[in-house]
Amino acid sequence: MPEVRQEPTVAIEPGLLHRIKLLALQERKQLGEVVAEALEEYLAARGKSGGGRVSAVRETRGKIPAGAEQVRRVLEEEGFLEI
C-alpha cells in the first residue's frame, strides 16, 4: 500500500519561503517536492536515513523520465489510481 503524504503545518520565515518558491518555479517543481528534497538532503548529510529505504525523490531528483505517449497510456490504463 502506498504511503499517504502528510501535510504538516510549519512556520517558515517569509524570506526563506520566498526563496523556496522561486526555486520551485525555476525547477518546475511543486513546493512540497523542493521542501522534501531539502529535508532528505539535510537528513542524509547528518547520517539519518529513512529507515534504510532509498528516497525516490533523492534517487530520481524528483523526475521520472517518461515520454508523452507513456504518460497517455498510463492515464488511460484502467485502475492506475488504485496502485
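The model shown is predicted, which means the values in this text are computed figures rather than measured ones.

Some points on the overall build of the protein
- Along the protein, the regular secondary structure elements total four helices and zero strands.
- Going residue by residue from the N terminus, the α and β elements of the protein occur as α-α-α-α.
- Counting only residues that meet the buried cut, the protein has 7% of its 83 residues in that class.
- For the protein, the exposed surface amounts to about 7800 Å²; the carbon and sulfur share of it is 57%.

Looking at the side chain of Glu37
- Among the secondary structure elements, Glu37 is positioned in helix H2 (residues 31–45).
- One polar contact links Glu37 to Lys29, side chain to side chain, over a distance of 2.9 Å.

Some details on the pattern of salt bridges
- Evaluated as defined, the whole model comprises two salt bridges.
- The closest approach of N and O atoms between Lys29 and Glu27, which form a salt bridge, is 3.1 Å.
- Salt bridges sharing partners connect three or more residues here, namely Glu27, Lys29 and Glu37.

Observations regarding a nonpolar patch on the surface
- On the surface, Val10, Ile12 and Leu16 cluster together to form a nonpolar patch covering roughly 240 Å² of accessible area.
- The residue Ile12 is located in the segment before helix H1 (14–27) in this model.

A look at the confidence of the model for the protein
- Of all residues in the protein, 73% attain a pLDDT of 70 or more, and the chain-wide mean is 78.
- The element-level mean pLDDT for the protein is lowest in helix H3 (residues 56–60), coming to 65, with H1 highest at 92.

Here's the deal with the environment of Leu23
- With respect to the helices, strands and loops of the structure, Leu23 is situated in helix H1.
- Residue classification places Leu23 among the partly exposed residues on the basis of a relative accessible area of 33%.
- The sequence separation of Leu23 and Val34 amounts to 11 residues, and the corresponding C-alpha distance is 7.6 Å.

Section: the packing of H1 against H2
- Look at H1 against H2: their axes get within 9 Å of each other, and the N-to-C directions meet at 110°. Our classification of the angle between H1 and H2 gives roughly perpendicular. Each of Leu17, Ile20, Lys21, Leu23, Ala24 and Glu27 in H1 lies in contact with H2, whose residues at this interface are Leu31, Val34, Val35 and Glu37.
- For the contact of H1 with H2, the class distribution of residues is seven nonpolar, no polar and three charged.

Structural notes on H1
- The first and last C-alpha atoms of H1 sit 20 Å apart over 14 residues, in line with the 20 Å expected at 1.5 Å per residue.
- Here H1 starts with a cap whose side-chain oxygen sits 2.7 Å from the backbone nitrogen of Gly15, and that cap is Glu13.
- Just past H1, the residue Arg28 takes up positive phi, approximately 55°.

Criteria and cut-off values
The written sequence of each chain sets the order in which its residues are numbered from 1. Restriction of local features to residues with pLDDT of at least 70 applies here, the model being predicted, together with a cutoff of 80 or more for giving and counting side-chain atom pairs; totals for whole chains, interfaces and linings are based on all residues. Note that the side-chain values use all heavy atoms of the structure and ignore hydrogens as well as water. Only DSSP runs of H or I covering at least 4 residues are called helices, and only runs of E covering at least 2 are called strands; the numbering of each starts at the N terminus. Residue burial is assigned from relative accessible area. The probe radius is 1.4 Å, only protein chains are included, and a residue is buried under 20% of its type maximum, exposed over 50%, and partly exposed in between. Exposure was quantified through the Shrake-Rupley algorithm and a 1.4 Å probe, taking into account, for residues, occlusion by the shown protein chains and nothing else. Think of a polar contact as two N or O atoms within 3.5 Å of one another; within protein, one of them needs to be a possible hydrogen donor and the other a possible acceptor, and neighboring residues in sequence only count if both atoms come from side chains. Note on definitions: salt bridges are taken to be side-chain nitrogens of Lys or Arg within 4 Å of carboxyl oxygens of Asp or Glu. Here, patches come from residues exposed beyond 30% relative accessible area and free of salt bridges, joined within 9 Å for like charges and within 5 Å for nonpolar side chains (Val, Leu, Ile, Met, Phe, Trp, Tyr). pLDDT runs from 0 to 100 and stands for how confident the predictor is about each residue. To define axes, lines are fitted to C-alpha atoms, for helices over the stretch in contact only, and angles between the resulting N-to-C directions are given on a 0 to 180 degree scale. Convention used here: angles under 35 degrees read as roughly parallel, angles over 145 as roughly antiparallel, angles from 65 to 115 as roughly perpendicular, and any remaining angle as oblique. Residue contacts follow a heavy-atom distance rule, with two residues in contact if any of their heavy atoms lie within 4.5 Å. Residues are grouped as follows: Ala, Val, Leu, Ile, Met, Phe, Trp, Tyr, Cys and Pro are nonpolar; Asp, Glu, Lys and Arg are charged; all remaining types, including Gly, are polar. To estimate how far a helix should reach, multiply one less than its number of residues by 1.5 Å.

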